[in-house]
Protein chains: 2
Amino acid sequence: MSDQTNPPDHDVPANDALAKGPAPKTSQQLGIPDPDRSSSMTPGLASSPISQRAGNVAAAEPYRLLNAFLTSSTYAARRNEPGICDLTFGNPHEMPQEAYVAALQEATIPRHDQWFAYKQNTPEAQEAAAASLQRLIGVPFRPEDIHLTTGGFTAIALALKAVGDPGDEVIYSLPPWFFYEPIIIEAGLVPVKVTVDLETFDLDVDQIAAAITSRTCAVIVNTPNNPSGRIYPPAVLERLAAVLESGSAAIGRRIYLISDEPYNRIVFDGARFHSPIEFYRYTLLAYSYGKTHLSPGERIGYLALHPNLPDYDVVASALDALQLAMGWIYPNAVLQHALPRLEQFSIDIPALQRKRDRMVDALQEMGYRVNRPEGTFYLFVRSPDPDDEAFVATLAAQGVFVMPGVHFETPGFFRISLTANEDMLQRSLPVFAAAMEAVGGAPPF
Amino acid sequence: MSDQTNPPDHDVPANDALAKGPAPKTSQQLGIPDPDRSSSMTPGLASSPISQRAGNVAAAEPYRLLNAFLTSSTYAARRNEPGICDLTFGNPHEMPQEAYVAALQEATIPRHDQWFAYKQNTPEAQEAAAASLQRLIGVPFRPEDIHLTTGGFTAIALALKAVGDPGDEVIYSLPPWFFYEPIIIEAGLVPVKVTVDLETFDLDVDQIAAAITSRTCAVIVNTPNNPSGRIYPPAVLERLAAVLESGSAAIGRRIYLISDEPYNRIVFDGARFHSPIEFYRYTLLAYSYGKTHLSPGERIGYLALHPNLPDYDVVASALDALQLAMGWIYPNAVLQHALPRLEQFSIDIPALQRKRDRMVDALQEMGYRVNRPEGTFYLFVRSPDPDDEAFVATLAAQGVFVMPGVHFETPGFFRISLTANEDMLQRSLPVFAAAMEAVGGAPPF
């Protein structure tokens, strides 16, 4: 994907590569092979010009929707206009923190001749990450438990590939992060979807238990949860651990838990975050620094193992081999050098919490149904119009952009990102109020 | 992999994450499941704790050898000792260029609020890369032909996954880059190996033709070649194109050519590099900036499409989908911002050429058989002892470290990297001379 419509001027705040021109894509541009066209363009060769694997990824509904949102939606056409309110993705809309820039600047100054040499897991980075994670979660992580990756994305892909073979099943709960399905499909695995309780947004552990089959290799849990903002409580995680333990015994195969927790530092009201790894040592913990510093373009994260994971060496060596074979998915040298400093700060969480409260209070007063999130960047709001895409289009027509619930396979909701700046949030409020009024006020459900 | 033996002191030149402690790994640590041990550690669960996929990658001979070299060899034990001569990997052994550091420094200074936001393909980076590639190769690349990746590694993996499905075959020539096989296996594909002519180091196009089957999805060609230093001449590339064209027609399926050319700027004697993409438009061109600036820890590269590739949109969209599903394998924001400057310089090629000449002249005078490479960092030298591992061990005992030919599936050779500094190269010469003498001089073959 690329945007040729952005001005090539570094000095304007429009150089976001996610930005897209308005040209709609055909099914072929989406990577879905059309045998007729292929054969006409490649005389004598009737087969598809791309792999079925690529076609499967491109055909996955969450990818298809996201791609359309980024390339052919009103948002795609207008996202770089001044004055719009961009409440879509977890992207920054204020200048980066000075501490962040300073950490990168320092890390680019070479102190020896190997500064920019090949890096796998640099000990200093592992030590800082392990110490910080131990402080947060209470599990005695050691430096060698940290497998550094190019962000949470590859950490999740790495975990899946380490424990699953093509045809194996991965269970996760809707509403999900919209990238799980493409990642799972690329790995040749099969997504198995259950739903959370849409009132409490808690995991439905019974549904997970019922979804386990002999092909289940992993369950993905995301806490604090995107999009709901829910932090799963210890009692739920304990029940989940028990279900995975008995499920593993029942199928004669270990079911791993992949804990996707990039928001584990983005928590409000002094809440104590609990990681699933506290309750189930067969947990592979995926973390990204991109949320903590609101710098998702700088790719660094890790997959952490429990120090008492059974078969530890076998699993750790599998990760080593895969990190190389998946394309040397270690973070850049500069970010590894910067990591000890990056562990010392985060974005301004109290300021984010104030944004949360202001938006939740205002939206609830207008009649919107929305839980007050315990963490993450997001509000997951009931759409007053059950057709969330129509409602989102109404907002978009007024320059307020949010993500419809269909992107999270949960129609009837929309997601707001609090990473919008204060001005955007302020200007969005009358638009939300007018949109509610236009549909005749809050529905009774 | 991680090195706990390095001092955590940024100020000493020992912070190379490839460095390893001397502890040997067992087959289990290499990720090869042992059902007995697994079942004993996981009561009631007899299945492997890792995927067969991970086990297959870890069991691949080139990975196994490399892992042992990095973890349990004399090199692993001694590589951080002062005074050794490290002629192994294409890693820097001098301080980074000022121009490189300046480019990174400038790129870390944010100029707008989206500076560190999610980046896919930023237009400025694509434009600079396309213009540079067009100047080098003469094909009229456009910005949108450039798909930015985290280095050549992921560019190759991306190409393979876009055109191959599990069970499909990938042909490449020995001696190969030692990472092809793990990457191919991770993608579920089947490596099919042919050999180059070991006198001229030219591709053996007839062998490639004979290796094509109905499952062939791609052929990988690496020019300028690691380890031989050969630049394949136009006549060879033309013959290859003809073979792939007729082979595709014969099997009713398009065979793609993956041109792995990270060294296409590292050429000597004013030679004109020719890319396979000049001769076959079904070429996916993988490039890495890590060689050009000798900064392999900073991961940026691309996969380029021919502007006249048939079914262009289908292939381009497949790459978009896979880049996301493989783990958001786009380069960091900072490196994308830096790319236009990075395109303006390289390491000092004349200095590298002088190193080449000095080493080739000296080694030939001692009786070593070695071709004068036309490009890359490497000399691929006939081992005077047919047992290259034994010969390499002799050198290692004297503190001179090179890579044995078995790492390139080509016993009877060893590889020297000219990225060693002048001092290391100078000190290595008497060791090479003594080793030749110890085996009784140059053999007659």
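Rules of the game
- Residues numbered from 1 in each chain as written.
- Chains lettered and ligands numbered in written order.
- Predicted model: local features only at pLDDT ≥ 70, side-chain atom pairs only at ≥ 80, totals over all residues.
- Heavy atoms only, no water.
- Helix = DSSP H or I, 4+ residues; strand = E, 2+ residues; numbered from the N terminus.
- Buried < 20%, exposed > 50% of the residue type's maximum accessible area, 1.4 Å probe, protein only.
- Contact = heavy atoms within 4.5 Å.
- Areas by Shrake-Rupley, 256 points an atom, 1.4 Å probe, with all protein chains shown as cover.
- Pairing = 2+ DSSP bridges.
- Salt bridge = Lys/Arg side-chain N within 4 Å of Asp/Glu carboxyl O.
- Axes fitted to C-alpha atoms, helices over the stretch in contact; angles between N-to-C directions.
- Expected span 1.5 Å × (residues − 1).
- Core = buried A, V, L, I, M, F, W, Y, C linked by side-chain atoms within 4.5 Å.
- Polar contact = N/O pair within 3.5 Å; in protein donor to acceptor, adjacent residues only side chain to side chain.
- Parallel < 35°, antiparallel > 145°, perpendicular 65-115°, else oblique.
- Left-handed = near helix turned anticlockwise from the far one by under 90°.
- Nonpolar A, V, L, I, M, F, W, Y, C, P; charged D, E, K, R; others polar.
- Phe/Tyr/Trp six-rings, centres within 6.5 Å; stacked < 30°, edge-to-face > 60°.
- Lys NZ or Arg CZ within 6 Å of the ring centre and 35° of its normal.
- Right-handed = clockwise from strand over helix to strand, strands pointing away.
- pLDDT = per-residue confidence, 0-100.

**Q** What am I meant to see in the overall build of chain A here?
**A** Helix and strand content of chain A: 16 helices and 12 strands. Relative to its 445 residues, chain A shows a buried fraction of 66%. If you take every contact in chain A between residues at least 6 apart in sequence, the share linking residues at least 24 apart comes to 73%. Of the roughly 13500 Å² of accessible surface on chain A, a fraction of 53% belongs to carbon and sulfur atoms.

**Q** Explain unusual backbone geometry here, please?
**A** Outside of glycine, negative phi angles account for most residues, and trans bonds account for most peptide bonds. Geometrically, the link from Leu 174 of chain A to Pro 175 of chain A is a cis peptide bond, its omega value of -5° lying close to zero. Mapped onto the elements of the fold, Pro 175 of chain A is located in the loop between β3 (169-174) and α8 (180-186). Cis geometry marks the peptide bond from Thr 223 of chain B to Pro 224 of chain B; its omega dihedral reads -10°. On the secondary structure map, Pro 224 of chain B appears in the loop between β5 (216-222) and α10 (234-251). Unusually for a residue other than glycine, Phe 201 of chain A sits at a positive phi of about 60°. Secondary-structure assignment places Phe 201 of chain A in the loop between β4 (190-195) and α9 (205-211). In this structure Phe 201 of chain A comes out as buried when scored by relative accessible area, which is 4%. Of note, the phi angle at Trp 328 of chain A is positive, near 55°, even though the residue is not glycine.

**Q** What should I look at first to understand the sheet that holds strand β12 (residues 413-417) of chain B in this one?
**A** Across a sheet, strands are paired by hydrogen bonds formed along the backbone, either parallel or antiparallel in direction. Residues and elements named next belong to chain B. Overall, antiparallel pairing links the three strands, which are arranged β9-β12-β11 in an open sheet. Edge positions in the sheet fall to β9 (378-382) and β11 (403-404), since each has one partner strand and no second. Note that β9 and β12 share five bridges and pair antiparallel. If you follow Leu 379 over to β12, its bridge partner there is Ile 416.

**Q** I'm lost on the pattern of salt bridges in this one. Help?
**A** Any two side chains of opposite charge can pair if their charged atoms end up close together. In total, this model carries 54 salt bridges over all chains according to the counting rule given. For Arg 427 of chain B, the salt bridge identified is with Asp 423 of chain B, shortest N-O distance 2.9 Å. Here Asp 423 of chain B and Arg 427 of chain B lie together in helix α16 (residues 422-438), a separation of four residues that amounts to about one turn. Asp 423 of chain B gets classed as partly exposed once you look at its relative accessible area, which sits at 45%. A network of salt bridges, in which partner residues are shared, links Asp 269, Arg 356, Asp 357, Asp 361 and Arg 372 of chain A.

**Q** How should I be thinking about the sheet that holds strand β4 (residues 190-195) of chain B in this particular structure?
**A** All names here are of chain B. Spatially, β2-β8-β7-β6-β5-β3-β4 is the arrangement adopted by the seven strands of the open sheet, whose pairing is mixed. Strands with a single pairing partner mark the edges of an open sheet, and in this sheet they are β2 (146-149) and β4. Strand-to-strand twist across the sheet, computed as the mean angle between neighbouring axes with direction ignored, equals 25°. Pairing analysis gives six bridges linking strand β3 (residues 169-174) to β4, with the strands arranged parallel. Bridge pairing links Glu 169 to Val 190 in β4.

**Q** Could you clarify how one ought to interpret helix α6 (residues 123-137) of chain A in this entry?
**A** Three or four residues apart is the spacing at which side chains of an α-helix point the same way, because the helix has 3.6 residues per turn. All names here are of chain A. Over its 15 residues, α6 runs 21 Å from end to end, which matches the ideal 21 Å to within 8%, given 1.5 Å per residue. Those residues of α6 that sit buried are Pro 123, Glu 124, Ala 125, Gln 126, Ala 128, Ala 129, Ala 130, Ser 132, Leu 133 and Ile 137. In this structure, the buried side of α6 is in contact with β2 (146-149), β7 (283-288), α11 (289-292), β8 (301-305) and α13 (333-342). Backbone geometry just downstream of α6 places Gly 138 in the positive-phi region, at approximately 90°.

**Q** It is not clear to me how the nonpolar core should be interpreted in this structure. Could you clarify?
**A** Generally speaking, soluble globular proteins have nonpolar side chains that are buried together. Grouped together as the largest cluster of nonpolar side chains are 174 residues, with contacts concentrated most on Leu 160, Phe 179 and Leu 203 of chain A together with Leu 160, Phe 179 and Leu 203 of chain B. Excluding residues that lie within four positions of it along the chain, Phe 179 of chain A makes contacts with Leu 66 and Phe 153 of chain A together with Leu 324 and Trp 328 of chain B. If you look at the next biggest cluster of nonpolar residues, it comprises 66 residues, including Phe 345 of chain A together with Ala 103, Leu 148 and Ala 338 of chain B.

**Q** Even after reading the chapter, I still don't get the side chain of His 306 of chain B, so can you show me in this structure?
**A** All names here are of chain B. Secondary-structure assignment places His 306 in the loop between β8 (301-305) and α12 (312-325). Looking at His 306, the relative accessible area reads 10%, which means it is buried. At 2.9 Å, the side chain of His 306 and the backbone nitrogen of Asn 308 are in polar contact. Setting aside anything within four residues of it in sequence, one finds His 306 in contact with Val 139, Phe 141, Ile 277, Arg 281, Thr 283 and Tyr 312.

**Q** For this particular structure, what's the right way to read the packing of helix α14 (residues 349-366) of chain A against helix α16 (residues 422-438) of chain A?
**A** Working note: a packed helix pair is described by the angle between its axes plus the distance between those axes. All names here are of chain A. Axis separation between α14 and α16 bottoms out at 10 Å; the angle between their running directions is 10°. For the element pair α14 / α16, the angle class is roughly parallel. Seen from above, α14 lies across α16 with right-handed handedness. In this structure, α14 uses Lys 355, Arg 358, Met 359, Ala 362, Leu 363 and Met 366 to contact α16, whose residues at the interface are Glu 422, Leu 425, Gln 426, Ser 428, Leu 429, Phe 432, Ala 433 and Met 436. Here the residues of the contact of α14 with α16 sort into nine nonpolar, two polar and three charged.

**Q** Would you explain the packing of aromatic side chains in this entry?
**A** The relation between two aromatic rings is expressed through the spacing of the ring centres and the mutual angle of the planes. All told, the structure shown has 68 aromatic pairs over all chains when counted by the stated rule. Look at Tyr 100 of chain A and Phe 116 of chain B: their rings are 5.2 Å apart centre to centre, the planes differ by 70°, and that puts the pair in the edge-to-face class. Here Tyr 100 of chain A is found in helix α5 (residues 98-107), whereas its partner Phe 116 of chain B is found in the loop between α5 (98-107) and α6 (123-137) on a different chain. Arranged with centres 5.1 Å apart and planes meeting at 40°, the rings of Tyr 287 of chain A and Tyr 302 of chain A form a pair that is tilted. In this pair, Tyr 287 of chain A is assigned in strand β7 and Tyr 302 of chain A in strand β8, connecting sequence segments 15 residues apart. The same class applies to Tyr 287 of chain A as to Tyr 302 of chain A, namely buried. The cationic tip of Arg 415 of chain A hangs over the ring face of Tyr 378 of chain A; the distance from NZ or CZ to the ring centre is 3.8 Å. When the ring centre of Tyr 282 of chain B is taken as origin, the NZ or CZ atom of Arg 254 of chain B, which lies over that ring, is 3.5 Å away.

**Q** Explanation requested: helix α10 (residues 234-251) of chain A in the structure shown.
**A** Residue and element names in this part refer to chain A. For α10, spanning 18 residues, the distance from its first C-alpha to its last is 25 Å, which sits close to the expected 26 Å at 1.5 Å a residue. For α10, the secondary structure elements touched by its buried residues are α9, β5 (216-222) and β6 (256-260). Positive backbone phi, approximately 70°, marks Gly 252, located one or two places after α10.

**Q** How should the packing of α6 of chain A against α13 of chain A be read in this particular structure?
**A** Residue and element names in this part refer to chain A. Contact geometry of α6 with α13 gives a least axis separation of 8 Å together with a crossing angle of 35°. Viewed along their axes, α6 and α13 form a crossing whose handedness is left-handed. Where α6 approaches α13, its residues Glu 124, Ala 125, Ala 128 and Ala 129 are matched on the opposing element by Gln 336, Leu 339 and Pro 340. Residues of the contact of α6 with α13, tallied by class, amount to five nonpolar, one polar and one charged.

**Q** What exactly am I supposed to notice about the pairing of β3 of chain A here?
**A** Put simply, side chains in a regular strand alternate between the two faces of the sheet. Residue and element names in this part refer to chain A. The buried count for β3 comes to six of six residues, which makes it a mostly enclosed element. Between the parallel pair β3 and β4, the chain is carried across by α8, and the sense of this crossover is right-handed. Judged from the three bridges that link them, β3 and β5 form a sheet pairing that is parallel. Note that in β5 the partner of Ile 171 across the bridge is Val 219.

**Q** Is there a simple way to think about the confidence of the model for chain A in this case?
**A** Close reading of the predicted structure is inappropriate where its pLDDT is low. Taken residue by residue, chain A gives an average pLDDT of 91. The fraction at 70 or more is 89%. Taken as a whole, residues 1-44 of chain A scores under 50 in pLDDT and shows 125 contacts with residues more than four places along the chain or in a different chain.

**Q** I keep staring at the environment of Pro 82 of chain B and nothing clicks. Help me out?
**A** Within the secondary structure, Pro 82 of chain B sits in the loop between α4 (74-78) and β1 (85-86). Note: C-alpha distance between Pro 82 of chain B and Gly 399 of chain B (317 residues apart in sequence) is 9.8 Å.

**Q** Whenever I open this one, the environment of Glu 169 of chain A confuses me. Can you help?
**A** All names here are of chain A. Along the chain, Glu 169 falls in strand β3. The buried category is assigned to Glu 169, whose relative accessible area is 17%. Taking the C-alpha atoms as reference, Glu 169 lies 5.8 Å from Leu 189; in sequence the two are 20 residues apart. With residues near it in sequence (within four places) discarded, Glu 169 still touches Val 190, Val 192, Thr 213, Arg 215, Thr 216, Cys 217 and Ala 218.

**Q** I would appreciate a short explanation of the environment of Leu 379 of chain A in the present structure.
**A** All names here are of chain A. Along the chain, Leu 379 turns up in strand β9 (residues 378-382). Spatially, the C-alpha atom of Leu 379 lies 7.9 Å from that of Arg 356, the residues being 23 residues apart in sequence. Excluding anything up to four places from it in sequence, Leu 379 contacts Pro 227, Arg 356, Met 359, Val 360, Leu 363, Val 370, Pro 373, Phe 414, Arg 415, Ile 416 and Leu 418.

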